[in-house]
Structures are given as C-alpha cells and as structure tokens.
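# Structural overview for review
Residue-level listing of the chains:
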Amino acid sequence: MATWLITGCSTGLGRALAQAVLEAGHNAVVTARNAGSVEDIAAAHPDTSLVLPLDVTDAAQVADAVRQAEERFGGVDVLVNNAGYGYRAAVEEADDGDIRSLFDTNFFGAVDMIKAVLPGMRARKSGAIFNISSIGARITPAGSGYYSATKAALEGLSGSLRNEVQPLGVSVTAVEPGAFRTDFAGRSLTQSATPIGDYADTAGKRRKENDTMDGNQAGDPVKAARAIVTVAESRNPPALLLLGTDAYGAFGMVADAQLAEREQWKDLSTSTDITG
C-alpha cells in the first residue's frame, strides 16, 4: 500500500486516477479547489482516503495538504501533478495576465508541490513523481503555444529532477497523454478574448467555437488512470510515458521529422567548432 497525493481530481484524468488508486488498495489524498466536488470519490473508501481543498497556486494550501497527508498516512509516496488547464491563442493574441496565470498553475504549481513532498521522499529514500504533460509539448500545434510551453517547461524540469533524485530512490515520470474524453476541450479550456483575423486559418481553427474534438476523443481516462497505477507499481518507471495511440503515433512522426532535419543540416551544424 502506497500513499498517493493527486492534484486536480474534480474531473477527467485526475478523478479517474483517484478512483483507480483507491480501488487498487492504496491510500489517496484526493484534492481539488472545491473539495466538495470530490467527496463522492472518497465516500466508498473512508479509511484510505483524505479529501482536501487544494489550489496549487496557493503556497499555504500546498504546504497544508502535504502536512495533513503526512499526519494521516505517514508520508506521500506518489505525487501526481495533474492540476492544470488548457489555453488557446495565437502567440500574438494572448493576454499577459492569462499567460502568467497559466504558468502559475500548469508549471509553478507543480514546482511547489514537488518541493513540498521531496524532503519526506528523500528522508525515506523512496518515492515517485508523475508530472502530467501533454503530447502538445511535442507536436506544438498552432494556437496552443503557451499551453505547450507550460508542458515543455514541466518536461524539462522532470528530466533534470529525475537525474537529481534517482540516486536517492525517487523516480520521476513525465506523462504525455493524447486526446482523452475529459472536459479538457470543454470547461477546462480557456482562450484569448480577442482573435486576430490573420490567424484564422492557423490558431483560429483551434478556438473553442471551432473545436469539434470535445466529446469525440478516442482516449479513455479510466484506462489511462490504470496505466499510471501500473507504472507506479513497476520496479523501473520510465522517464516518459505516452498514453493513447494518437500520442504514440505523433511522438514517432515528430521524432522522425527531427532526425531527418538533423541530417539535412548536419554539415552546417558541425561546422561551428573552433578549427585546430
């Protein structure tokens, strides 16, 4: 039995993951900005669950959530940084305040959670951290530049953190889901207030009013949640976990294109060393 702390459990993957963790017999600290929205998840597992309000942009709530998890269950064994939301806008269109709020939640909120649980994990010489990224960090679609940037930043952090804490018994896995049937493209998606006409055929096609994906995604969040539990229970969690056939395929296409471009520009790339 391990103790999980999962952020953003009110809907989607976070909700499915909290249910999967409890059904697997683990302890779960189930959090959401509105704690009332997740009380039903814990109701069937009163002895192994703890419901807490948690806004990851609130440093006091972050510290309190970890403290209560430690008091109730003795420590956090698995942290899942799932809280976050989508934002669509051309790079030029985006509002500065929107951008900073997005990074505060999607990136800096995860950073604060990581820093809060690591002292306990280091002391116990064990632990696992899952940072929920997105295939968007790799495919960088037009109209999702800032969202993709938050996830790319989280993946860069995850890689360095893995190198730092793996010798201490702590694993770090970045998770790249594709499109899953959650409310990500619905309630959890925001966008710039004022579109610019010149981007109608690029970023404009991804605006909420033009989106046709919501409700039609191929991914099953219940299966994704079970996959994460399987990885957490494995002996050697991967640095990167792709979820969904679309994510798996897109990863390969991007990698192949990057390798081809690398070879195309090889001579110029390797011409910049100091001669002699």
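Every chain is numbered on its own, with residues counted from 1 as its sequence reads. With pLDDT at 70 or above as the cut-off, local features in this predicted model cover only qualifying residues; side-chain atom pairs require 80 or more to be listed or tallied, and sums for whole chains, interfaces and linings still use all residues. Only heavy atoms go into the side-chain values, all of them from the structure, while hydrogens and water stay out.

## A closer look at the nonpolar core
Applicable threshold: Take the buried residues of types Ala, Val, Leu, Ile, Met, Phe, Trp, Tyr and Cys, join any two whose side-chain atoms come within 4.5 Å, and each joined set is a nonpolar core. Partly exposed residues are those whose accessible area sits between 20% and 50% of the maximum for their type, while under 20% is buried and over 50% is exposed, using a 1.4 Å probe and protein chains only. Helix and strand definitions follow DSSP, with helices as H or I runs of at least four residues and strands as E runs of at least two, each counted in order from the N terminus. Residues are treated as being in contact if the distance between any of their heavy atoms lies within 4.5 Å.
With 30 residues, the main nonpolar core has Trp 4, Ile 6, Leu 17, Val 30, Val 80, Phe 130 and Ile 228 as its most contacted residues. Broken down by secondary-structure element, the contributors of at least two residues to this core are β1 (3-6), α1 (12-23), β2 (27-32), β4 (78-81), β6 (127-132), α7 (221-232) and β9 (240-243). Element by element, the count of residues in this core is highest for α1, at seven residues. Apart from residues no more than four positions distant in its own chain, Phe 130 is found in contact with Val 78, Leu 79, Val 80, Asn 81, Thr 173, Val 175, Ile 228, Val 231 and Ala 232. Within the second largest apolar cluster, 23 residues are counted, among which are Leu 50, Ala 69, Met 121 and Val 172.

## Quick word on helix α6 (residues 145-165)
Basically, it comes down to this: Expected span, for any helix, means 1.5 Å times one less than how many residues it has.
For α6, spanning 21 residues, the distance from its first C-alpha to its last is 30 Å, which sits close to the expected 30 Å at 1.5 Å a residue. Residues Tyr 146, Tyr 147, Ser 148, Thr 150, Lys 151, Leu 154, Glu 155, Ser 158, Leu 161, Arg 162 and Val 165 constitute the buried set of α6. Of the surrounding elements, those touching the buried residues of α6 are β5 (86-88), α4 (96-124), β6, α5 (136-139), β7 (170-177) and β9.

## Thoughts on the sheet that holds β1
The cut-off we apply is this: Strand pairing follows a simple DSSP-based rule, namely that at least 2 bridges must link the two strands. A fitted line through C-alpha atoms represents every axis, and for helices the fit uses only the stretch in contact; the resulting angles, taken between N-to-C directions, go from 0 to 180 degrees.
Overall, parallel pairing links the seven strands, which are arranged β3-β2-β1-β4-β6-β7-β9 in an open sheet. In this open sheet, the two strands that pair with only one neighbour each are β3 (49-53) and β9. Neighbour-to-neighbour, the strand axes of this sheet turn through a mean angle of 15 degrees, independent of strand direction. The pairing of β4 with β6 spans four bridges and is classified as parallel. Within the sheet, the bridge partner assigned to Val 80 lies in β6 and is Phe 130.

## What about helix α8 (residues 245-264)?
What counts, and what does not: In this description, the arc belongs to the directions extending from the helix axis to the C-beta atoms.
With 20 residues, α8 ought to run about 28 Å at 1.5 Å a step, and its terminal C-alpha atoms sit 29 Å apart, in line with that. Those residues of α8 not exposed but buried are Ala 247, Ala 250 and Val 254. What you see down the axis of α8 is that its buried residues fit within an arc of 65 degrees, all on one side. Of the exposed residues in α8, the ones pointing more than 90 degrees away from its buried face are Thr 245, Tyr 248, Met 253 and Asp 256. Check the buried side of α8 and you find it contacts α5, β7 and β9.

## Re the side chain of Thr 31
Put simply, the rule reads: The definition of a polar contact used here is a pair of N or O atoms within 3.5 Å, where within protein one atom must be able to donate a hydrogen and the other to accept one, and adjacent residues in sequence count solely through side-chain atom pairs.
Here Thr 31 lies in strand β2. We classify Thr 31 as buried; its relative accessible area is 0%. A polar contact of 2.7 Å, which involves the side chain of Thr 31, links it to the backbone oxygen of Ile 6. The contact partners of Thr 31, leaving out residues within four places of it in the chain, are Leu 5, Ile 6, Thr 7, Gly 8, Cys 9, Ser 10, Leu 52 and Leu 54.

## Notes on the pattern of salt bridges
Condition: Salt bridges are identified by distance alone: a Lys or Arg side-chain nitrogen within 4 Å of an Asp or Glu carboxyl oxygen.
For the structure on display, the rule yields seven salt bridges. Its salt-bridge partner being Arg 138, residue Glu 176 comes within 2.6 Å of it at the nearest N-O pair. Note that Glu 176 is positioned in strand β7 and Arg 138 in helix α5, a separation of 38 residues in sequence. A single salt-bridge network, built from bridges that share partners, covers Asp 64, Arg 67 and Glu 71.

## A few points about the environment of Val 222
Locating Val 222 in the fold gives a position in helix α7. Val 222 gets classed as partly exposed once you look at its relative accessible area, which sits at 38%. Residues Val 222 and Ala 20 lie 202 residues apart in sequence; the distance between their C-alpha atoms is 7.6 Å.

## With respect to unusual backbone geometry
At Lys 125, a position not held by glycine, the phi torsion is positive, near 60 degrees. Considering the arrangement of structural elements, one finds Lys 125 in the loop between α4 and β6.

## Describing the packing of α1 against α7
Stated formally: When describing relative orientation, an angle under 35 degrees is termed roughly parallel and one over 145 degrees roughly antiparallel, while 65 to 115 degrees is termed roughly perpendicular and anything else oblique. Note: crossing handedness is left-handed where the near helix turns anticlockwise from the far helix by less than a right angle, and right-handed where it turns clockwise.
Axis separation between α1 and α7 bottoms out at 8 Å; the angle between their running directions is 55 degrees. Taken together, the axes of α1 and α7 are oblique relative to one another. Between α1 and α7 lies a crossing whose hand is right-handed. Counted together, Gly 12, Leu 13, Ala 16, Leu 17, Ala 20 and Val 21 of α1 and Pro 221, Val 222, Ala 224, Ala 225, Ile 228 and Val 229 of α7 form the full contact between these two elements.

## Quick word on the environment of Asn 82
With respect to the element layout, Asn 82 can be found in the loop between β4 and β5. A C-alpha to C-alpha distance of 17 Å links Asn 82 and Asn 27, two positions 55 residues apart in sequence. In this structure Asn 82 touches Thr 7, Gly 8, Leu 13, Gly 14 and Ile 132, once residues within four positions along its chain are discounted.

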